[in-house]
Amino acid sequence: MGLQYALNFWILAVVFLPGPLGSEWGVEYSINPLCAIRGSTVVIPCSYKHPASLRVETVMWCLDDEICDKMLYVSHSSNTNISAEYRGRAEYLGNKEKNCTLQIKNITHKHAGVYTFRFTTNEKTGKWSGKPGTTLKVDELKVVMTSQKGGKGISEEDSMNLTCGTDSCSLSQSEFTWFKDDQTLPETQSTLHFRPACKYHSANYSCGLKGNRQTVSEVVNFSIEDGAWTVRYTERNLCAVRGSTVLIQCEYEYPEPYKVDSRMWSHNDVDCTGNPYVYHSNNTNISAEYTGRAEFLGNNMRNCTLQIKNIRETDAGEYRFRFITNGCEKCGGPGVTLQVDELKVVMTSSTANGAIREGDTVNLTCRTDSCSLSQSEFSWYKDNQTLPETQSTLHFSPISYHHTGKYSCALNGRKVAVSNEVNIIVESHFNRIIIITVVGILLVVLTGAVVIIIFMKRREDKDLRSDSETQAESAIYANFMDSSREKSGTSNRYSEESCELPDYGNVNIQEQVYGNVNIELTEYENVNIKEMAE
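Here the structure is a predicted model, which means the values were calculated and not measured.

Peer 1: Account for the packing of aromatic side chains, with residues named and values stated.
Peer 2: Using the criterion set out here, one finds 24 aromatic pairs in the structure. Each ring, one from Y86 and one from Y115, has its centre 6.4 Å from the other, and the planes form 90 degrees; the classification is edge-to-face. Here Y86 is found in the loop between β6 (75-76) and β7 (90-92), whereas its partner Y115 is found in strand β9 (residues 113-121), with 29 residues between them in sequence. Centroid distance Y254 to F323: 5.9 Å. Interplanar angle 50 degrees. Geometry classified as tilted. Linking Y254 in the loop between β22 (250-253) and β23 (260-267) with F323 in strand β27 (residues 317-325), this pair joins segments that are 69 residues apart in sequence. By relative accessible area, F323 is classed as buried at 0%. Taken together, the ring pairs in this structure connect W25, Y29, Y48, W61, Y92, F117, F119 and W128 into an aromatic cluster.

Peer 1: Quick rundown of the side chain of S83? Include the residues and the values.
Peer 2: Within the secondary structure layout, S83 lies in the loop between β6 and β7. For S83, a relative accessible area of 16% puts it in the buried group. When near neighbours in sequence (up to four residues on either side) are disregarded, S83 contacts L72 and Y73.

Peer 1: Talk me through the state of the cysteines; I want residue IDs and the actual numbers.
Peer 2: Overall, the coordinates contain 9 disulfides when judged by the stated rule. Each disulfide pairs two cysteine sulfurs, and for C46 the partner residue is C100, the sulfurs being separated by 1.7 Å. The S-S bond linking C46 to C100 shows a torsion near -85 degrees; that makes this disulfide left-handed. Residue C46 is found in the loop between β3 (42-44) and β4 (47-49), and its partner C100 is found in the loop between β7 and β8 (102-104); the two are separated by 54 residues along the sequence.

What counts and how
- Residues numbered from 1 in each chain as written.
- Predicted model: local features only at pLDDT ≥ 70, side-chain atom pairs only at ≥ 80, totals over all residues.
- Heavy atoms only, no water.
- Phe/Tyr/Trp six-rings, centres within 6.5 Å; stacked < 30°, edge-to-face > 60°.
- Helix = DSSP H or I, 4+ residues; strand = E, 2+ residues; numbered from the N terminus.
- Buried < 20%, exposed > 50% of the residue type's maximum accessible area, 1.4 Å probe, protein only.
- Contact = heavy atoms within 4.5 Å.
- Disulfide = S-S within 2.5 Å.

Next comes the structure, spelled out in structure tokens:
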């Protein structure tokens, strides 16, 4: 408790000495008790006087000790024998002339009692104690709740107050700090007024002296019975396909005398404060994600339905509606949980994992993993061309070759959310016959070509061999004739009647190769032309 709590009660008490010198000695402090809040700082105002001829040497404060003879001090000018309870907590703000004010920080219940100031001078008999001292009381802050129903439960529309006070200390000139679930409120007065009380006011409340958290009171639970302000959702869980439009159907109610000031929808926000909002009736703090896509379809009476177009994956989450009337508000929680899924085409066939052939049974189904689409109409696409079918499943029984193509689907009229493509390849019986025939023809042609190539190759080799033999024979005959002419010119021994070949001994003409022909000549008497095998 500060000086401001004591100044209202200043009635000075002057303690006099008997005799003519009594008016020269004295200690003055409040005759009324001081009152401090636990955890606060208290200032004990004090002044004293002494003969002008004397000089003050020591000053001290004591607790519950009229003449300070216990040798255990709250404060002492020589800083000796200070009680551990006051060390670093008590501070002497006075001097050795007239001011003897004492300050004590972080007051506890142990500090309650009678405080006495004593001083000594430079004369042995010049000592003085300010009896009987000043009394300090220590009290706790507490929150007191009052309502128009007295001790009965509090319902919405009731009026009630929360007051921060003590049992003994006067706090009329103090400022306070209020806490709701340990969060600071802007109010600084001693009383919070709830007119009317609303469900959202339910919380744990406490208070303290402004700027001093150590003085905070015990928590008081303030619970309001629900009923007058309500929000109801038709469905708590919704599932939407990406690119579709979703409706979050909602109703709200409030007491008749009140009027709606504002309405708002929030996304993934348990206290409905937005940051930013999906929708706000005042068009303030709207999320860019929902601009142009979210539309309020309700009114000021009961309907609070919200529509969101072109649903995205980021739209998944919880949506809550909140409305504010002139005096109360309601956040409808828990809200509506929206799940966003993708369309996909699932193929089933009678051939299981095998290739699809003409005559097989094949089904294509447009669906999601989590959303129920039983009441929806669809658009089907084959190679990006729209098909006339609108049901969830395409049946091919039997399937034919012209069904081959890439298939996808979408919710009817929502081409922005087309599914993945499924490619169907159907093998035709006619195509299979054509393929077999073509392969057979190709094999026959290939075989014929190989035979012709081999035949031509052999014929070419035979012609080459024949030419080589002819050339070889011509060369041998020419050589033979040349040799005969040389011998006729050098000797006249030969006559027409008798022509005899000379003896060349064993002359061998071997291995003159003409192509692949090996020719061997022996003895001119008997010319042999032998064709050697290749």
